[in-house]
Amino acid sequence: MANNLFDQLDEISTGGEQERPLWAARAPYQPQDDFDLMLVPRVKSWQEDADAVAALERIEREPWVESIDRDGRQVQARLAPEWIEATGAALTSGEAPSHADLAAGRRFALNFWDANSTKALHIGHLRNLALGNALGSALSEAGGKVERRSIICDVGRSMGEAMAGVVKSGRHTQSSPGSGTKSDHFVGDCYAEYVKTGPSLTGRDDNPATSLSREVDVHHDSADELLQRVLDGDQEAIELWSKTRAWVISGQRKTLARLGISFDRVFFESDFLPEVAELSNLGLEHGMLQRRPDGAVIYLTDREELEEMPLLRADGLPTQHMRALAYWMAAPGLEGTTSIQVCGLEWVAHVTCRRQLMDEMMEKGAGAEINHPAHDVFHGMVSKQSESVSSSKKNALLIDELAEWIDTAMELEEERVGVRQRHPAAEAIVPQVATSSCTPTPNRSTSNRRSCCARSRALAGTWLAPAPTTATAPAR
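What comes next concerns the included structure. (Residues numbered from 1 in each chain as written. Predicted model: local features only at pLDDT ≥ 70, side-chain atom pairs only at ≥ 80, totals over all residues. Heavy atoms only, no water.)

1. Side note on a negative patch on the surface
Quick note on the threshold: Exposure above 30% relative accessible area and no salt bridge define the residues that can form patches, which grow by joining like charges within 9 Å and nonpolar side chains of Val, Leu, Ile, Met, Phe, Trp and Tyr within 5 Å. We get accessible surface area from the Shrake-Rupley algorithm with a probe of 1.4 Å; when it comes to residues, only the shown protein chains can shield them. Think of a salt bridge as a Lys or Arg side-chain nitrogen and an Asp or Glu carboxyl oxygen that are within 4 Å of each other. Counted as positive: Lys and Arg. Counted as negative: Asp and Glu, with His and the chain ends omitted from the count. The atoms used to mark charge sites are NZ of Lys, CZ of Arg, CG of Asp and CD of Glu. Helix numbers and strand numbers start at the N terminus; a helix is a DSSP run of H or I with at least 4 residues, a strand a run of E with at least 2. The rule is simple: take the accessible area with a 1.4 Å probe, protein chains only, and divide by the maximum for that residue type; under 20% is buried, over 50% is exposed, in between is partly exposed.
On the surface, Asp33, Asp34, Asp69 and Asp71 cluster together into a patch of negative charge. With respect to the helices, strands and loops of the structure, aspartate 34 is situated in the loop between strand 1 (23-26) and strand 2 (37-41). Taking relative accessible area as the criterion, aspartate 34 reaches 51% and is therefore assigned exposed.

This is the structure we're talking about:
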């Protein structure tokens, strides 16, 4: 008997050893309350096919099936809670059958998270972290050797704004933010406050623009001045830049540790500034890039979704477009790997045009022989009150806040406190509830703080329902 549930169903629904399975199982796109699997007939008019009906009855008698619903437009199966509990316990204990043959011998470079060193991590980052970590775990379970990677943005307009905000707070000379504030929260507040009152909002109806559009213009303000001093090698500015970056990364790492998510290799965009210069010169030399009258360097894509892709500002500062291009064309250790990037849907046009430019530059001998990443996994953005979550708007629900809320909510009922204390994987409850609360669902967004917390409450209730304490994963 096969170990995989879907393979088991194939074997059970086969009338004879040489016959084709009469039923196939399909998992729903998102968890459902009333069923776990969709059963798809492989024959027409299955109700009139004696072999198909008999195969369905055999499936229904399996111990892992609680019930089968034939009354709707589609046949649906509900799995037995006891089987789910036992399977979850086996997975947690390492006693489950291995599937290491599926990707044995393959190497994967999985790039996700990609945070800014200007702020704390919010639930928009949580969705990326949840999907990236889940994909990495699945590839590892399949026998692949997975290297989890991330690139941290520490150059650009937002970094200058964070530095300027820290200076404005008056705490830039201190060794730590103080006042009991988590260091990444402090810098994020300084950054948001500077953006709120800074010149990049001029003419934008008091609605902060995205960091991508804001960083194209040169404002000659404190943020631009500080960042330019860093690039020019000014020691005082470099010390402020290093301190601001360190405060944020230190806080972010504590958040990642609480989620149980770690990375094998982390790069900084500043590591690839030499490649930025090389690619800019190459592109201008061969006519792939154009310099505007104001000095900015752009790439004309001939694509409707992003006709003009700015790569260098008029003062020479690379945009996010150029920094991403330099990273993927120069990132080390990608030879012989299947490279995968997890990012939000807002980057589709950027990725498409960047790949196009990479192909053109590779024809001129730049970068590797393979257009990295080999695969892109896009996910929808998390929104709040119909607006995308952005730390610069000070509207973001932070991961730390969500985790604290979940942790506190679990202590409100005495019965659940006892269940939690006896749980064999109690330390995993908060991170798994948090990450599960922000996984994407079709045509649905995390519309506000209440809906996110309500989803978390429901998941926490599943984890800690007064039920057999041998369960190590939610039954539904």
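Anyway, onward from the coordinates.
2. Notes on the nonpolar core
Worth spelling out the cut-off: Joining through side-chain atoms within 4.5 Å is the link that ties buried Ala, Val, Leu, Ile, Met, Phe, Trp, Tyr and Cys residues into a set, and such a set is a nonpolar core. The criterion used for residue contact is that any of the two residues' heavy atoms lie within 4.5 Å.
By size, the foremost hydrophobic cluster in this structure holds 33 residues, and its most contacted members are Phe112, Trp113 and Leu129. At the level of elements, strand 5 (107-111), helix 4 (123-141), strand 6 (145-152), helix 9 (235-259), strand 11 (338-344), helix 13 (399-410) and helix 15 (429-437) are the ones that each hand at least two residues to this core. It is helix 13 that contributes the most residues to this core, five residues altogether. Excluding residues that lie within four positions of it along the chain, leucine 129 makes contacts with Phe112, Trp113, Leu121, Leu256, Leu259, Ile261, Phe263 and Ile399.

3. Section: the pairing of strand 12 (residues 375-379)
Where we set the bar: Pairs of strands are assigned from DSSP output, requiring at least two bridges between the strands. For a crossover, the right-handed case is the one in which the path from the first strand over the helix to the second runs clockwise, viewed with the strands pointing away from the viewer.
Where strand 11 and strand 12 come together, five bridges link them in parallel fashion. Considered in strand 12, the bridge of glycine 344 is made with histidine 379. Regarding the hand of the β-α-β motif, the stretch spanning strand 11, helix 12 (residues 348-363) and strand 12 is right-handed.

4. Looking at the side chain of histidine 379
Note the following rule: Distance and chemistry together define a polar contact, namely a pair of N or O atoms within 3.5 Å, with one atom able to donate a hydrogen and the other to accept it when in protein, and with adjacent residues in sequence counting only for side-chain atoms on both sides.
Here histidine 379 lies in strand 12. Look at histidine 379 and you get buried, because its relative accessible area is 8%. A distance of 3.2 Å separates polar atoms of two side chains, one belonging to histidine 379 and the other to asparagine 128. Among all residues touching histidine 379, those that are not within four sequence positions of it are Arg127, Asn128, Leu131, Val342, Cys343, Gly344 and Leu345.

5. Some words on the pattern of salt bridges
One pass over the structure, following the stated rule, counts 22 salt bridges. In this structure, the salt-bridge partner of arginine 70 is glutamate 60, at a minimum N-O distance of 2.7 Å. One end of the pair, arginine 70, is in the loop between strand 3 (65-69) and strand 4 (75-79); the other, glutamate 60, is in helix 2 (residues 50-60), with ten residues separating them in the sequence. Across the salt bridge formed by glutamate 161 and arginine 157, the nearest N and O atoms sit 2.9 Å from each other. Residue glutamate 161 and its partner arginine 157 are both found in helix 5 (residues 157-169); the two are separated by four residues, about one turn of the helix. With respect to class, glutamate 161 is no different from arginine 157; both count as buried. If you follow the salt bridges from partner to partner, you end up with Arg157, Glu161, Asp221, Asp224, Arg313 and Asp315 in one network.

6. What to know about helix 5
Defined as follows: Expected helix span is given by 1.5 Å per residue-to-residue step, counting one fewer step than there are residues.
With 13 residues, helix 5 extends 18 Å from end C-alpha to end C-alpha; this agrees with the ideal 18 Å at 1.5 Å per step. Burial within helix 5 is extensive, with ten of its 13 residues counted as buried. Of the residues making up helix 5, those classed as buried are Arg157, Ser158, Met159, Gly160, Glu161, Ala162, Met163, Ala164, Gly165 and Val166. Once helix 5 ends, the next one or two residues include glycine 170, with phi positive near 85°.

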